[in-house]
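Here is what each chain is made of, one letter per residue.
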Amino acid sequence: MKIDRMLDRLLTGLVLAAGAMLFAAASGAQVQPAHKTQNVIVVMMDGMRWQEVFQGADPKLIKTLGPDWLGDPKVMAAEAQKQYGRPSPVEARQVLMPFLWSVVAAKGQIFGNRDLGSDSHVTNGFNFSYPGYAETLTGIADPRVDSNDNVPNPNPTVFLWLNAKPDFAGKVAAFGAWGTFNGIFDKEHCGFVVNSGYDPLTEIPATPEVALLNALKAESARLWMDESFDNLPFHTAMEFVKAKKPRVLFVGLGETDDWAHAGSYAAYLTAAHLGDAYLRELWEMVQSMPEYQGKTTLIVLPDHGRGLGPEWTTHGQKVPASKETWMAFMGPDTAALGERKQAGPVTESQVAATVAALLGADYHAAVPKSGAAIGDVLGK
């Protein structure tokens, strides 16, 4: 009899437990899905307009001639037309940025196509680089950040905040073409690797690949004294990932902005296309590594937009359209909603908290002045 009573209690307990689980599922009780993202990679393409991202090469701008010093303007315009000109915006954007559209947008989410009711923008009011990067990486649009001077950021970035946590200490790194990233990330005090411009990489063993990259940085002709071509920081970051496998990585590409300021639409398009190829190369490499495969989120966005028509070459406070940006997310916690339509506005100030939230940390609670994380990206 005693055994029978024990069996009755056990069966009753199992039935009640099963019923509770069924009720929770049926009633939509707050059973949170398992958190999957363990690494975040942020790639920023300086001054890349949303118009080219969503519409491809502009049929009018592609015919404009760039400066003579860069090469034969007519030849460059004709080659750009051949390579990137297409009858429809969908075809044009696909050929310009094939990885972004065939993989990132298809498997994740992309915001900023105003033709479809999706808005993405900076809130700092300055609409140029340092304020844009600072807003994105700290979550704060600080009016004190009002120049591109290479000075320490008055606000710590989410990268520094994460690096201070035991789970991320020594597993954070930033690479960029622009030397001012040293100030943006506060290289002297942040406690993690920041490698920008022509600085050699000395934090990992000098493999033949690293030695060659350091030599190229020292010996290459410098068109811009404070900024290298994108190939140098990109491949430096790739070597660092192979050696150290950081959990939080930043890569800043700059040529889209540089060639736009130079007035070469052809070179601007080529830089965008190359940046897309870099995204593919980086993503395919990390997906081949067990530390990253199936547990990494990729975020891609610019630091500001650009003007319209003849003002496409510039940006700033006097160019209102240059506050308009775009942003794309792909990872195991982000639902594949694709190109967002009639979506609520998102701002660059929300990116820092989103990076942290993807990694299971609440940056917005710790830094209330920052923008809140983007719920849709987190699967909420």
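A brief structural summary. Computed from a predicted structure; not experimentally measured. (Residues numbered from 1 in each chain as written. Predicted model: local features only at pLDDT ≥ 70, side-chain atom pairs only at ≥ 80, totals over all residues. Heavy atoms only, no water.)

A separate point is the packing of aromatic side chains. Tallied over the entire structure, the rule returns 25 aromatic pairs. The interplanar angle of 65 degrees and the centroid separation of 5.5 Å between the aromatic rings of F159 and F185 together place this pair among those described as edge-to-face. You can see F159 sitting in helix α7 (residues 158-163) and its partner F185 sitting in the loop between α8 (181-184) and α9 (187-190), a full 26 residues away along the chain. For the pair shown, F159 and F185 are each scored as buried. Geometrically, the ring pair formed by W224 and W259 is edge-to-face, given 5.1 Å between the ring centres and 65 degrees between the ring planes. Of the two residues, W224 is situated in the loop between α10 (208-219) and α11 (231-244) and W259 in helix α12 (residues 255-262); the sequence distance between them amounts to 35 residues. In terms of burial, W224 and W259 fall into one category: buried. Among the aromatic residues, ring-to-ring pairing joins Y133, F159, W178, F181, F185, F192 and F250 into one connected group. Sitting over the face of the ring of Y198, R222 holds its NZ or CZ atom 3.8 Å from the ring centroid. (Phe/Tyr/Trp six-rings, centres within 6.5 Å; stacked < 30°, edge-to-face > 60°. Helix = DSSP H or I, 4+ residues; strand = E, 2+ residues; numbered from the N terminus. Buried < 20%, exposed > 50% of the residue type's maximum accessible area, 1.4 Å probe, protein only. Lys NZ or Arg CZ within 6 Å of the ring centre and 35° of its normal.)

Another aspect to go through is the side chain of S228. If you trace the backbone, S228 turns up in the loop between α10 and α11. Contact partners of S228, with chain neighbours within four places excluded, come to A177, G197, Y198 and P233. (Contact = heavy atoms within 4.5 Å.)

This model, assessed by the stated rule, comprises 10 salt bridges. Between R144 and D142 there is a salt bridge; the shortest N-O distance is 2.7 Å. D142 gets classed as buried once you look at its relative accessible area, which sits at 10%. The salt bridge partner of K242 is E239, with a shortest N-O separation of 3.1 Å. Of this pair, K242 and E239 both sit in helix α11, three residues apart, which is roughly one turn of that helix. Judged by relative accessible area, which is 43%, K242 ranks as partly exposed. Connected through salt bridges with shared partners, the residues R114, D119 and E324 form a single ionic network. (Salt bridge = Lys/Arg side-chain N within 4 Å of Asp/Glu carboxyl O.)

Both faces of strand β5 (residues 193-196) are covered, namely the face carrying V193 and N195 and the face carrying V194 and S196. Sheet topology places strand β4 (residues 172-176) next to β5; four bridges connect them, and they run parallel. Within β5, the position partnered with A174 by the bridge is V194. (Pairing = 2+ DSSP bridges.)

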